[in-house]
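Observations on the model geometry
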Amino acid sequence: MKLIVLGAPGSGKGTQAKFITQLYQIPQVSTGDLLRDAVKRENALGVKAKEYMNTGNLVPDAIVLELLKIRLMKDDCSKGFILDGYPRNITQADELAKITEIDQVINISVDHGLLVKRITGRRTCKECGAIYHIEYQPPSQEGICDKCSGELFQREDDTEETVKNRLNTYDKQTKPLIEYYSSQNLLQTLISDGTIEEMRQKVKLLLENRFH
Ligand code: ADP
Ligand code: ZN
């Protein structure tokens, strides 16, 4: 099962991708996570990527493709995977089509007004990667992960300035993928206007219908 989760920054695509990994025992492959990991390790690739990420621009296609290829070759991807954050433009989608065949694209659609609020309130666990929101899904103790007691932090690119540019980038470059995949009959859109749990149910239903 090879899936893509499409959606604007803050649409909750990462949260839903994590949920799908539990449902179907296939890994979540997040290019954002792969890039943040490279940035943390401060290798040449990471240093280059960092300037793009912190201004809300896309990292050059060649860099991301390189990381993606290495990741998809690992054993755990042999039964499938969920791509989260890739592709982000038509060129990347064309490159992906050369490597592998995608079964289904889930497009998570969210009202733009909600997105800035969602992203700037987002907090992530340093240890296990769990995602919280200071208003909509606060941890029981401020700044501390419920699951592993790890410290919560705000991503460097989750500030209001950068978020606006990320949303712009999404509109200009990533949104055209909706048409791209729907013309290939691969796309289904889910509207996210409720809770995370409601969204999970929609995702689960979609996948059950598609893959029984
Ligand atoms: P979000 O979808 O919330 O913006 P991500 O973690 O997916 O968060 O991405 C964070 C940043 O990493 C992006 O703003 C971009 O700079 C970079 N990035 C992630 N995936 C890609 C990609 N496929 N191509 C280019 N840049 C990417
Ligand atoms: Zn944690």
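See above for the structure.
In what follows, the accompanying structure is described.

Conventions adopted
Residues numbered from 1 in each chain as written. Chains lettered and ligands numbered in written order. Predicted model: local features only at pLDDT ≥ 70, side-chain atom pairs only at ≥ 80, totals over all residues. Heavy atoms only, no water. Helix = DSSP H or I, 4+ residues; strand = E, 2+ residues; numbered from the N terminus. Rg over C-alpha atoms; globule rule 2.2 N^0.38 Å. Buried < 20%, exposed > 50% of the residue type's maximum accessible area, 1.4 Å probe, protein only. Pairing = 2+ DSSP bridges. Contact = heavy atoms within 4.5 Å. Axes fitted to C-alpha atoms, helices over the stretch in contact; angles between N-to-C directions. Near = heavy atom within 4 Å. Polar contact = N/O pair within 3.5 Å; in protein donor to acceptor, adjacent residues only side chain to side chain. Areas by Shrake-Rupley, 256 points an atom, 1.4 Å probe, with all protein chains shown as cover. Donors = N, O, S within 2.8 Å, 3.2 Å for Na, K, Ca; no water. Tetrahedral: all angles 85-135°; square planar, octahedral: opposite > 155°, others 65-115°.

1. Thoughts on the overall build of the protein
Counting its regular elements, the protein contains 9 helices and 8 strands. In terms of overall size, the protein behaves like a compact globule, its C-alpha atoms giving a radius of gyration of 16 Å where 212 residues would be expected to give roughly 17 Å. Dimensions of the protein, computed from C-alpha atoms along their principal axes, come out at roughly 45 × 40 × 35 Å. Expressed as a percentage of the 212 residues in the protein, the buried residues total 44%.

2. Quick word on the sheet that holds strand β6 (residues 131–133)
Sheets are built from strands that pair by backbone hydrogen bonding, the pairs being arranged parallel or antiparallel. Read from one edge of the open sheet, 3 strands run β6-β5-β7, paired in antiparallel fashion. The sheet terminates laterally at β6 and β7 (152–153), the two strands that pair on one side only. Examined bridge by bridge, strand β5 (residues 122–125) and β7 share 2 bridges and lie antiparallel to one another. By the bridge assignment, T124 is partnered in β7 with F153. Packed on one face of the sheet, helix α6 (residues 112–120) meets β5 and β6 and runs near 40 degrees to β5.

3. Observations regarding unusual backbone geometry
The linkage connecting Y86 with the following residue, P87, adopts the cis geometry, with an omega of -5 degrees. Summarising the element assignment, P87 is placed in the loop between β3 (81–84) and α5 (90–99). Phi at N185 is positive, roughly 60 degrees, even though this residue is not glycine. Among the secondary structure elements, N185 is positioned in the loop between α8 (176–182) and β8 (187–191). Residue classification places N185 among the exposed residues on the basis of a relative accessible area of 72%.

4. A short note on the site of ligand 1
Contacts to ligand 1 come from 19 residues, most closely from K13, T31, N57, Q92 and R166. K13 is positioned such that a nitrogen or oxygen atom in its side chain is 2.7 Å from an oxygen atom of ligand 1. Between ligand 1 and N57, the relevant distance is 2.6 Å, taken from an oxygen atom to a main-chain nitrogen or oxygen of the residue. The protein chains hide 97% of the 540 Å² of surface that ligand 1 would expose on its own. Looking at which element gives the most residues to the shell around ligand 1, the answer is helix α2 (residues 31–41), with 4 residues.

5. Details of the coordination of the zinc ion (ligand 2)
Donor atoms from the polypeptide that bind the zinc ion (ligand 2) are C125 (SG), C128 (SG), C145 (SG) and C148 (SG), placed at 2.3 to 2.4 Å. Geometry at the zinc ion (ligand 2) is tetrahedral, judged from the 4 donor atoms that bind it and their angles of 99 to 114 degrees at the metal. The sequence pattern describing where the donors of the zinc ion (ligand 2) fall on their chain is C-x2-C-x16-C-x2-C. Separated by 20 residues along the polypeptide, C128 in the loop between β5 and β6 and C148 in the loop between β6 and β7 bring together distant segments of the chain. Take C148: its relative accessible area is 36%, and that puts it in the partly exposed class.

6. Some words on the sheet that holds strand β4 (residues 104–109)
The 5 strands lie next to each other as β2-β3-β1-β4-β8, forming an open sheet whose pairing is parallel. Strands at the two margins of the open sheet, each flanked by one partner only, are β2 (28–30) and β8. Geometrically, the sheet is characterised by an average inter-axis angle of 25 degrees between neighbouring strands, direction not taken into account. Relative to β8, β4 is paired through 5 bridges, and the arrangement is parallel. Bridge pairing in β8 links N107 to T189. Sheet contacts for helix α9 (residues 196–211): β1 (2–7), β4 and β8; angle to β8, the most-contacted strand, approximately 155 degrees.

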